[in-house]
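Residues per chain, in single letters:
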Amino acid sequence: MDMSDAVVANSSRLKSIVWNDFDRVKKGDTFVAICRHCKKKLSGSSTSGTSHLRNHLIRCQRRSNHGMTQYFSGREKKKEGSLALVTIDQEQKKDEVLSLVNLRYEQEQIKNEPVTIGNSSLDQRRSQFDLARMIILHNYPLDMVEHVGFKIFVRNLQPLFELVTYNKVEADCMEIYAKEKQKVYEVLDKFPGKISVAADVWTASDDAAYLSLTAHYIDEDWQLKKRILNFVTIDPSHTEEMHSEVIMTCLMDWDIDRKLFSMIFDSCTSENIVDRIRDRLSQNRFLYCNGQLFDVRCAVDLLNRMVQDALEALCEVTQKIRESIRYVKSSEATQSMFNELAQEVQVESQKCLRIDNPLKWNSTFLMLEVALEYRKVFCCLQDRDPVNMKFLPSDLEWDRVSVITSFLKLFVEVTNVFTGSKYPTTNIFFPEICDIHLQLIEWCKNPDDYINSLAVKMRKKFEDYWDKCSLGLAVAAMLDPRFKMKLLEYYYPQLYGDSASELIDDVFECIKSLYNEHSMVSPLASSLDQGLSWQVSGIPGSGKDSRDRLMGFDKFLHETSQNDGSNSDLDKYLEDPLFPRNVDFNILNWWKVHTPSYPILSMMARNILGIPISKVAAESTFDTGGRVVDYNWSSLPPTTVQALMCSQDWIRSELES
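Our subject in this report is the structure included herewith. Predicted model only: the values in this text are computed from it and were never measured. (Residues numbered from 1 in each chain as written. Predicted model: local features only at pLDDT ≥ 70, side-chain atom pairs only at ≥ 80, totals over all residues. Heavy atoms only, no water.)

A tally of helices and strands in the protein chain yields 26 helices and twelve strands. When contacts within the protein chain are restricted to residue pairs at least 6 apart in sequence, those whose partners lie at least 24 apart make up 69%. Summed over all atoms, the accessible surface of the protein chain reaches about 34000 Å², with 50% contributed by carbon and sulfur. (Helix = DSSP H or I, 4+ residues; strand = E, 2+ residues; numbered from the N terminus. Contact = heavy atoms within 4.5 Å. Areas by Shrake-Rupley, 256 points an atom, 1.4 Å probe, with all protein chains shown as cover.)

The buried fraction of helix H24 (residues 599–609) amounts to nine of the eleven residues, a majority that puts the element mostly inside the structure. Burial in H24 covers these residues: Ile600, Leu601, Ser602, Met604, Ala605, Arg606, Asn607, Ile608 and Leu609. (Buried < 20%, exposed > 50% of the residue type's maximum accessible area, 1.4 Å probe, protein only.)

Packing of helix H16 (residues 449–478) against H24 brings their axes to within 10 Å, and their N-to-C directions diverge by 135°. One way to sum up the angle between H16 and H24 is to call them oblique. The interaxial crossing formed by H16 with H24 has left-handed handedness. Contacts from Val475, Ala476 and Met478 in H16 reach Met604, Ile608 and Leu609 in H24. Here the residues of the contact of H16 with H24 sort into six nonpolar, no polar and no charged. (Axes fitted to C-alpha atoms, helices over the stretch in contact; angles between N-to-C directions. Parallel < 35°, antiparallel > 145°, perpendicular 65-115°, else oblique. Left-handed = near helix turned anticlockwise from the far one by under 90°. Nonpolar A, V, L, I, M, F, W, Y, C, P; charged D, E, K, R; others polar.)

Moving on, we come to the environment of Val456. Mapped onto the elements of the fold, Val456 is located in helix H16. Sequence separation of Val456 and Lys445 is eleven residues, and the distance between their C-alpha atoms is 9.5 Å.

For the rest of this paragraph, the subject is the packing of aromatic side chains. What the rule picks out here adds up to 28 aromatic pairs. Residues Trp19 and Phe22 carry aromatic rings whose centres are separated by 6.4 Å and whose planes lie at 75° to one another, so their mutual orientation is edge-to-face. Exposure class is identical for Trp19 and Phe22. Each is buried. Among the aromatic residues, those joined into a cluster by ring pairs are Phe430, Tyr490, Tyr491, Tyr492 and Tyr496. Lying across the ring of Tyr288, Lys194 places its NZ or CZ 5.3 Å from the centre. Note that Lys484 overlies the ring of Tyr573, its terminal NZ or CZ placed 4.5 Å from the centroid. (Phe/Tyr/Trp six-rings, centres within 6.5 Å; stacked < 30°, edge-to-face > 60°. Lys NZ or Arg CZ within 6 Å of the ring centre and 35° of its normal.)

Turning to helix H4 (residues 124–138), a few remarks are in order. For H4, spanning 15 residues, the distance from its first C-alpha to its last is 21 Å, which sits close to the expected 21 Å at 1.5 Å a residue. Those residues of H4 not exposed but buried are Gln124, Gln128, Phe129, Leu131, Ala132, Ile135, Ile136 and Leu137. Immediately downstream of H4, the backbone of Asn139 shows phi near 60°, a positive value. (Expected span 1.5 Å × (residues − 1).)

With that settled, consider the pattern of salt bridges. One pass over the full model with this rule turns up 36 salt bridges. We note a salt bridge from Asp266 to Lys615, for which the minimum N-O separation is 2.5 Å. Within this pair, whereas Asp266 is found in the loop between strand S10 (260–265) and helix H8 (271–283), its partner Lys615 is found in the loop between H24 and strand S12 (627–628), the two being separated by 349 residues in sequence. Accessibility expressed as a relative area gives 16% for Asp266, which makes it buried. For Lys615, a relative accessible area of 13% corresponds to the buried category. With a closest N to O distance of 3.3 Å, Glu442 and Lys445 form a salt bridge. Residues participating in the shared-partner salt-bridge network are Arg125, Lys168, Asp172, Glu175 and Lys179. (Salt bridge = Lys/Arg side-chain N within 4 Å of Asp/Glu carboxyl O.)

The biggest cluster of nonpolar side chains holds 109 residues, and the ones touching the most others in it are Phe378, Phe411, Phe430, Trp591 and Ile608. Element by element, the count of residues in this core is highest for H16, at 15 residues. Non-local contacts of Phe411, meaning those with residues more than four positions away in its chain, are made with Leu303, Met306, Val307, Trp361, Ile436, Trp443 and Met458. Counting residues in each nonpolar core, the second largest holds 64 residues, with Val154, Val197, Leu211 and Leu636 among its members. (Core = buried A, V, L, I, M, F, W, Y, C linked by side-chain atoms within 4.5 Å.)

Sheet analysis places strand S8 (residues 209–218) next to strand S9 (residues 224–234), joined by ten bridges and oriented antiparallel. Opposite Leu211, over in S9, you have Val232 as the bridge partner. From the end of S8 to the start of S9, which pair antiparallel, there are five residues, and Trp222 there has a positive phi angle of about 60°. (Pairing = 2+ DSSP bridges.)

The next thing to look at is the pairing of S10. The side chains of a regular strand alternate, first on one face of the sheet and then on the other. Of all six residues making up S10, six are buried, and the element is well covered by its neighbours. As paired strands, strand S7 (residues 195–203) and S10 are joined by four bridges and run parallel to one another. Paired with Ile195 across the strands is Leu260, a residue of S10. Relative to strand S11 (residues 295–297), S10 runs parallel, the two sharing three bridges. Residue Met263 lies in a different strand from S11, and its bridge partner there is Asp295.

Moving on to the side chain of Gln648. Take Gln648: it is sitting in helix H26 (residues 638–656). In this structure Gln648 comes out as buried when scored by relative accessible area, which is 9%. What Gln648 contacts, discounting residues up to four positions off in sequence, is Ile136, Leu137, His138, Asn139 and Trp633.

A few words now on unusual backbone geometry. Glycine aside, negative phi is the norm for most residues, and most peptide bonds take the trans geometry. A positive phi angle is found at Asn139, which is not glycine, with a value near 60°. Following the sequence through the fold, Asn139 ends up in the loop between H4 and helix H5 (148–157). One non-glycine residue, Asp255, lies in positive phi territory at about 60°. Structurally, Asp255 can be placed in the loop between helix H7 (240–253) and S10. Owing to a relative accessible area of 26%, Asp255 belongs among the partly exposed residues under this scheme.

Moving on, we get to the environment of Phe286. Structurally, the position occupied by Phe286 is in the loop between H8 and S11. Linking Phe286 and Arg258, residues 28 residues apart in sequence, is a C-alpha distance of 5.4 Å.

Inspection of the secondary structure puts Cys352 in the loop between helix H11 (332–344) and helix H12 (361–373). Remark: the alpha-carbon pair of Cys352 and Tyr374, spanning 22 residues in sequence, is separated by 9.7 Å.

Following this line, the structure appears as structure tokens:
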């Protein structure tokens, strides 16, 4: 604004204290207020009031903060931390927006002490970390701090806050990650039990691949816990040895290789990768049962792979049904005709036809399920409108859709059990997996070669999973006080016939071996040894040699104490009656209450029940594709992506608890 012909107006009538810091100038019919410190021009019209002038003085960088309290009105002082809204005329709005867009915020040294103005205070450092945590928590882009709209919003909300750059907020995120990682490290280091780790592969928009490692365990308060440990880039072209080495490096970085109980992989993960990791851990005798329970495959991933086989078999006929539904819904007249035909053939379904979302396989199942209920109506519509309904499935295709949809229905129900449980512990999987096993046996007997070949294909995938995971599932089922060994005695004869008793004995031998290994590291065993050592050391004249000679006696006493007529935890547990089945049964709470009765077996239960048989997040359960890194973060450096992903998981877990 050209001020060459402006004149200073008479300010004797101006009563507000703000005019001590402004000159009121008249240019034509317009009054302008000019800051005496930074020379900024604001509206000086009497109709504009003085709130915008007070707000400018609060944030004027060339004016000392000393004595700023006087510029807060009485009404504002009653509201802690609130500032008056800026009211400006149209000319001032243009100047204000222009100045904010072109403003370059100079970074000043951050002070440790919060800045206080009246009743309003600002802790700059804390506010910066709050901003970084918000970005981490909600997947916001880091460069949002440099967006003009964000700068305007923050400046008007809290003028004292010194805006940060992209680099600064990234550094703050990395600092949060370092602090949170140390907290997680200390928790895992102090944790006395075993930990299971799930390995998952994510992709990014630039086709980069990331390996996510997540620790799962049951804490000392019998609560299920999980924490993302690593989120590192991997090169698919690397050898299996290199991939296994990446995993081992991550485990050793957290110092949990010695605490590892099992690892959970996708169904298609290479055997060589798993074997290399297991061999490394077995060399140091870190694994129970010689590593028999180490290799666990994701149950939901198995279901998704079998579902893809089913959808692939129905690919052509699904497209026909999809086009038929699309035609019915293409106009009100066609929809009305379809509804009339539904009444004529007495279809009582109240469900509406729907087009599926191909990215969610349960959506395709629901589309097919509803279409089957209207099968007769589609046929009648084809008779009336053969030209537009020429792509309708044949009777044989409808029959096959009906059979395969029943497969999908079972998979949907089982998946909902896995992901919908309040307490998704390992024990809930055994009966569901056994039911699928029995159904696959029946499906393979279907006389239709098309259906039969599909069932055989799915059964092959299932048996690969069953060979690796059935033992761990059976042990977990035994640790459910509602079933114990009875669930094996119920399902195994149906699955194996005459061979069932031998296989049940094999499972029980593993259970006893696992129990014995836990008893050797139980706090009870160590307390017994300490008690004996104290007794020996208290004998007059006993020295180091005496204690050394009695070390074998300690072991002898521990072993024989379990065979001198006193039942073990395992024996007592199996002899006690079954706990009644009910809908709201919480197995973790049961074991927490009964830990004093079964101290060694409860330690074993904590390690077994903490194995995540499924590693798929609830929101991704029915996805036909893998997990993808958020677009806002996918282009960031790998170290930053890991910091954001891990910190987000840790902060969310802390908020939930």
